[in-house]
Amino acid sequence: AQSVTQLGSHVSVSEGALVLLRCNYSSSVPPYLFWYVQYPNQGLQLLLKYTTGATLVKGINGFEAEFKKSETSFHLTKPSAHMSDAAEYFCAVSDQTGANNLFFGTGTRLTVIP
Amino acid sequence: NAGVTQTPKFQVLKTGQSMTLQCAQDMNHEYMSWYRQDPGMGLRLIHYSVGAGITDQGEVPNGYNVSRSTTEDFPLRLLSAAPSQTSVYFCASSYSLISGEKLFFGSGTQLSVL
């Protein structure tokens, strides 16, 4: 069965500091992995995704994530945090139905301190 | 381009009342789905559809009903509202049916059941 664990429900970083949001997954088949971002009072937007190919994936707004099969991880990073990065971030893994359904993690709220 | 439109944005119900949450997309997407978002639990799939006339259950379908009579619309019906259905509901769609495609989310409906 598919599942996602996000370590840390709240992460605070200073403006300009490295952002690291952790995600570990469980999947019995090669996974498709996603990071979505939710700004206050909005729906979710796709940041980046891994399906096949290169394990280092670049997304929007300077974010990137690396798929590490041996560690079953897909951590999200950004070298320098900006105030506009404050939001909730969700890691997700595709399910096994064959349809475009996702299992989401519980989310990590990122606070950026000026 | 409107994308995915959800109505209403807010709703308060009494226990036992029924209502329909509306979802419409103007992108000619075949796949549509409903998720609920609860604090500390991330998003969980309620129902999904891979085309007009085709629906299936997700992780938490009890107490909800769906139909898909057109490609554009995918309403979610609460048959007899319960306080446990207090949540934020998101509709999502994608062009392709298959796993790995970007989901487009609506801005959500915040539902309170008293």
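So, how was this worked out
- Within every chain, residues take consecutive numbers counted from 1 along the sequence as written.
- To read the labels, note that chains go from A and ligands from 1, taken in the order they are written.
- For this predicted model, a pLDDT threshold of at least 70 governs which residues receive local features, and a threshold of 80 or more governs which side-chain atom pairs are given and counted, while totals over whole chains, interfaces and linings are taken from all residues.
- Excluding hydrogens and water, the side-chain values take into account all heavy atoms of the structure.
- The secondary structure listing takes helices from DSSP runs of H or I that are at least 4 residues long and strands from runs of E that are at least 2 residues long, numbered from the N terminus.
- What the globule rule says is 2.2 Å times the number of residues to the power 0.38, and the radius of gyration is computed from C-alpha atoms.
- Whether a residue is buried, partly exposed or exposed follows from its accessible area with a 1.4 Å probe, protein chains only, as a fraction of its type maximum: under 20%, in between, or over 50%, in that order.
- For accessible areas, the Shrake-Rupley method is used with a probe of radius 1.4 Å. Any residue's cover is judged against the shown protein chains and nothing else.
- When charges are counted, Lys and Arg are positive and Asp and Glu negative, with His and the chain ends excluded.
- One atom stands in for each charge, and that atom is NZ of Lys, CZ of Arg, CG of Asp or CD of Glu.
- Whether two residues are in contact is decided by their heavy atoms, any of which lying within 4.5 Å being enough.
- Salt bridge, as used here, is a side-chain nitrogen of Lys or Arg placed within 4 Å of a carboxyl oxygen of Asp or Glu.
- Polar contact is the term for a pair of N or O atoms within 3.5 Å; when the atoms are in protein, one must be able to donate a hydrogen and the other to accept it, and sequence-neighboring residues count only if both atoms are side-chain atoms.
- Cysteine sulfurs are considered disulfide-paired once they come within 2.5 Å of each other.
- We treat two strands as partners when DSSP finds at least two bridges between them.
- Fitted lines through C-alpha atoms serve as axes, helices being fitted only where they are in contact, and the angles separating the N-to-C directions of these axes extend from 0 to 180 degrees.
- Side-chain atoms within 4.5 Å are what join buried Ala, Val, Leu, Ile, Met, Phe, Trp, Tyr and Cys residues into a set we call a nonpolar core.
- Paired rings are identified among Phe, Tyr and Trp, the last through its six-membered ring, by centres lying within 6.5 Å, and are further divided according to the angle between planes into stacked (under 30 degrees), edge-to-face (over 60) and tilted (the rest).

**Q** Could you give an account of the overall build of chain B, naming the residues involved and the relevant values?
**A** Each helix and strand counted, chain B has 0 helices and 11 strands in total. Helices (α) and strands (β) of chain B occur, in sequence order from the N terminus, as β-β-β-β-β-β-β-β-β-β-β. Relative to the compact-globule value of 13 Å for 114 residues, chain B shows a C-alpha radius of gyration of 13 Å, a close match. The C-alpha extent of chain B, read off along each of the three principal axes, is 40 × 30 × 25 Å. For chain B, with 114 residues in total, the buried portion stands at 48%. Taken as a whole, chain B presents about 5,200 Å² of accessible surface, with 52% of it coming from carbon and sulfur. Both charge centroids of chain B, one from 7 positive and one from 8 negative side chains, sit 11 Å from each other.

**Q** Tell me about the environment of E66(A), residues and numbers included.
**A** Residue and element names in this part refer to chain A. One can find E66 in strand β7 (residues 64–68). Look at E66 and you get partly exposed, because its relative accessible area is 34%. Along the chain, E66 and T77 lie 11 residues apart, while their C-alpha atoms are 8.7 Å from each other. Non-local contacts of E66, meaning those with residues more than four positions away in its chain, are made with T55, L56, S73, F74 and H75.

**Q** Summarise the interface of chain A and chain B; cite the residues concerned and give the values.
**A** Contact residues are listed per partner, giving 24 residues for chain A and 24 residues for chain B. Put simply, chain A and chain B have 0 salt bridges between them. Summed over the shared surface of chain A and chain B, the result is 9 residue pairs in polar contact (both at pLDDT 80 or more). Those elements that provide at least two residues to the side of chain A that touches chain B are β4 (33–38), β5 (44–50), β9 (87–94) and β10 (102–104) of chain A.

**Q** How would you explain the state of the cysteines if you had to name every residue and give the values?
**A** All names here are of chain A. Applying the stated criterion to the full structure yields 2 disulfides over all chains. Each disulfide pairs two cysteine sulfurs, and for C23 the partner residue is C91, the sulfurs being separated by 1.9 Å. The chirality of the disulfide connecting C23 with C91 is left-handed, given an S-S dihedral of about -65 degrees. Here C23, found in strand β3 (residues 19–26), pairs with C91, found in strand β9; they are 68 residues apart in sequence, far enough to count as distant. A single burial state applies to C23 and to C91, both of which are buried.

**Q** Which residues make up the sheet that holds strand β6 (residues 56–58) of chain A, and what values go with them?
**A** Residue and element names in this part refer to chain A. Read across the open sheet, the 5 strands follow the order β1-β3-β8-β7-β6; overall the sheet is antiparallel. Two strands bound the open sheet, and with one partner strand each, they are β1 (3–7) and β6. Strand-to-strand, the axes of this sheet are offset by a mean angle of 20 degrees, without reference to chain direction. Bridge count for β3 against strand β8 (residues 73–78) is 4 bridges, and the pairing is antiparallel.

**Q** Help me get a handle on the nonpolar core, residues and values and all.
**A** Counting residues in each nonpolar core, the largest one holds 27 residues, and the members touching the most others are W35(A), L47(A), L48(A), F74(A), L76(A) and Y89(A). Secondary-structure elements contributing two or more residues to this core are β2 (10–14), β3, β4, β5, β7, β8, β9 and β11 (108–113) of chain A. Counting 19 residues, the second-largest nonpolar core is a separate cluster that includes L13(B), M19(B), L21(B) and L76(B).

**Q** Describe unusual backbone geometry, naming the residues involved and giving the relevant values.
**A** Of the consecutive residues T7(B) and P8(B), the connecting peptide bond is found in the cis state with omega at -10 degrees. In this fold, P8(B) is placed in the loop between β1 (4–7) and β2 (10–13). A positive phi is found at N61(A), a non-glycine position, where the angle reads about 60 degrees. Checked against the element boundaries, N61(A) lands in the loop between β6 and β7. Despite not being glycine, T72(A) shows a phi value in the positive range, around 45 degrees. Here T72(A) falls in the partly exposed class, since its relative accessible area comes to 32%.

**Q** Please give an account of the packing of aromatic side chains that cites residues and values.
**A** Any two aromatic rings considered together are summarised by their centre-to-centre distance and by the angle between their planes. Under the criterion given, the structure shown has 13 aromatic pairs over all chains. With centroids separated by 6.4 Å and ring planes inclined at 90 degrees, the aromatic side chains of F90(A) and F104(A) adopt a geometry described as edge-to-face. Of this pair, F90(A) sits in strand β9 while F104(A) sits in strand β10, and the two are 14 residues apart along the sequence. Among the aromatic side chains, those forming a connected cluster through ring pairs are F34(A), Y36(A), F90(A), F104(A), Y35(B), F90(B) and F105(B).

Everything listed is a geometric property; what it means functionally is a separate question.
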